[in-house]
Amino acid sequence: MEKRDELYAGKAKSVYLTDDPDRYIMVFRDDTSAFDGQKKEKLARKGMVNNRFNAFVMEKLQAAGIPTHFERVLSDTESVVKRLDMIPVECVVRNFAAGSLCRRLGVEEGLALNPPTFELFLKNDALHDPMINESHAAAFGWATESDLATMRTLSFRVNDVLKALFDQGDMLLVDYKLEFGRFGNEIVLGDEFSPDGCRIWDKSTRKKMDKDRFRQDLGDVIETYEEVGRRLGISFD
Ligand code: UDP
């Protein structure tokens, strides 16, 4: 596969065109950012760690019958993915209260959410990704009612698979953000799944093992991502 021009550079990943019009190469960089890009740093090994982490999780999801854009790892920091028409709506599932939910509703961090919540946010940096509901998504044409129903169902199926996976490694899957796109007529999981886009706590100590280590200056960011990976059975050698 031939790597061609860079199509898009996000805060932590870049996307390249290839000689196949239906395939992109996704590059995981060492850059990390938080608070709408106000806090930025380069963390050694992050690109490699997140590329392998994402591949492992996407393969688990695929094996469970959840369609994803992931096809294969190409190098330490690169993977081949299907070209999706992205839906500009972020889906967040929460099993425990943390982050913006605590700020918005004044609930205590760590409160168990049963059943888990499902929230939508518009992907728009200039507006700081505002929370929206399904009627906004439909009225503005970001996603149809049927797309939204599929996104919700797939988001909860991801929860069933990943809650069990993290549980086996003595970890709690607190919350996570997913992005979906269209590949032909199918709604497919896109973007990435890594400790950058979810919250993971140690089951007994509730130690934070995700990007909150960077957001809250807790230290050992990538070492902890690697520990999460190792507990799941991923090798980073
Ligand atoms: N999240 C993300 N990208 C975003 C917003 C949120 O990956 O642009 C993830 C975040 O890491 C967390 C979950 O989605 O795992 C819920 O985030 P929340 O709404 O609590 O916002 P935050 O506290 O990150 O501002």
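Scroll up to find the structure this text is about.
What this report covers is the structure whose coordinates are included nearby. (Residues numbered from 1 in each chain as written. Predicted model: local features only at pLDDT ≥ 70, side-chain atom pairs only at ≥ 80, totals over all residues. Heavy atoms only, no water.)

1. Things to note about unusual backbone geometry
If a residue is not glycine, its phi is most likely negative; likewise, a peptide bond is most likely trans.
In step 1: With omega at 5 degrees, the peptide bond leading from Asn114 into Pro115 counts as cis.
In step 2: Its place among the elements puts Pro115 in strand S9 (residues 112-122).
In step 3: You will see that Arg206, though not glycine, has its phi angle at about 60 degrees, which is positive.
In step 4: Assignment of secondary structure puts Arg206 in the loop between strand S13 (198-202) and helix H5 (212-215).
In step 5: The backbone phi angle of Asp220 is positive, close to 50 degrees, even though this residue is not glycine.
In step 6: Looking at Asp220, the relative accessible area reads 52%, which means it is exposed. (Helix = DSSP H or I, 4+ residues; strand = E, 2+ residues; numbered from the N terminus. Buried < 20%, exposed > 50% of the residue type's maximum accessible area, 1.4 Å probe, protein only.)

2. Describing the environment of Met171
In step 1: Along the chain, the position of Met171 falls in strand S11 (residues 171-183).
In step 2: With 133 residues separating them in the primary sequence, Met171 and Gln38 have C-alpha atoms 29 Å apart.
In step 3: Other than its neighbours up to four places away in sequence, Met171 contacts Phe166, Ile200, Trp201, Lys203, Met209, Val228, Arg231 and Leu232. (Contact = heavy atoms within 4.5 Å.)

3. Some words on the state of the cysteines
In step 1: Summed over the entire model, instances satisfying the criterion amount to 0 disulfides.
In step 2: You can see Cys91 has no disulfide; the closest cysteine sulfur is in Cys198, sitting 15 Å from it.
In step 3: Residue classification places Cys91 among the buried positions, given a relative accessible area of 0%. (Disulfide = S-S within 2.5 Å.)

4. Re the packing of aromatic side chains
Ring pairs (aromatic) are described by centroid distance and by the angle formed between their planes.
In step 1: Here the structure, examined in full by the defined rule, presents 4 aromatic pairs.
In step 2: Taken together, a centroid distance of 5.8 Å and an interplanar angle of 45 degrees make the contact between Phe118 and Phe156 tilted. Residue Phe118 is located in strand S9, and its partner Phe156 is located in helix H4 (residues 145-168); the two are separated by 38 residues in the primary sequence.
In step 3: In this structure Phe156 comes out as partly exposed when scored by relative accessible area, which is 21%.
In step 4: An angle of 25 degrees between the planes, with centres 4.9 Å apart, marks the rings of Phe140 and Trp142 as stacked. (Phe/Tyr/Trp six-rings, centres within 6.5 Å; stacked < 30°, edge-to-face > 60°.)

5. Let's talk about the sheet that holds strand S6 (residues 70-73)
In step 1: The sheet built from 5 strands is open, its strands ordered S1-S2-S3-S7-S6 with antiparallel pairing. Here the strands that pair on one side only, and so sit at the sheet edges, are strand S1 (3-9) and S6. Direction aside, the axes of adjacent strands within the sheet are offset by 30 degrees on average.
In step 2: Pairing analysis gives 4 bridges linking S1 to strand S2 (residues 13-18), with the strands arranged antiparallel. For Tyr8, the partnering residue across the bridge sits in S2 and is Val15.
In step 3: Lying over the sheet, helix H1 (residues 46-63) contacts strand S3 (23-28), S6 and strand S7 (78-82), oriented at roughly 135 degrees with respect to S6. (Pairing = 2+ DSSP bridges. Axes fitted to C-alpha atoms, helices over the stretch in contact; angles between N-to-C directions.)

6. A few points about the environment of Ala12
In step 1: Inspection of the secondary structure puts Ala12 in the loop between S1 and S2.
In step 2: With 15 residues separating them in the primary sequence, Ala12 and Val27 have C-alpha atoms 8.6 Å apart.
In step 3: What Ala12 contacts, discounting residues up to four positions off in sequence, is Val27, Phe28, Arg29, Asp31, Lys46 and Asp196.

7. Considering the site of the ligand
In step 1: Taken together, 15 residues form the shell around the ligand, and within it Arg94, Ser100, Asp175, Arg199 and Arg215 come nearest.
In step 2: At a separation of 3.0 Å, an oxygen atom of the ligand approaches a polar side-chain atom of Arg103.
In step 3: For the ligand, an oxygen atom lies 2.6 Å from a polar atom in the side chain of Asp175.
In step 4: Here the ligand loses 79% of its free accessible area of 510 Å² to cover by the protein chains.
In step 5: Those elements that provide at least two residues to the shell around the ligand are strand S8 (85-96), helix H2 (99-105), S11 and S13.
In step 6: Counted by class, the shell around the ligand contains 3 nonpolar, 3 polar and 9 charged residues. (Near = heavy atom within 4 Å. Polar contact = N/O pair within 3.5 Å; in protein donor to acceptor, adjacent residues only side chain to side chain. Areas by Shrake-Rupley, 256 points an atom, 1.4 Å probe, with all protein chains shown as cover. Nonpolar A, V, L, I, M, F, W, Y, C, P; charged D, E, K, R; others polar.)

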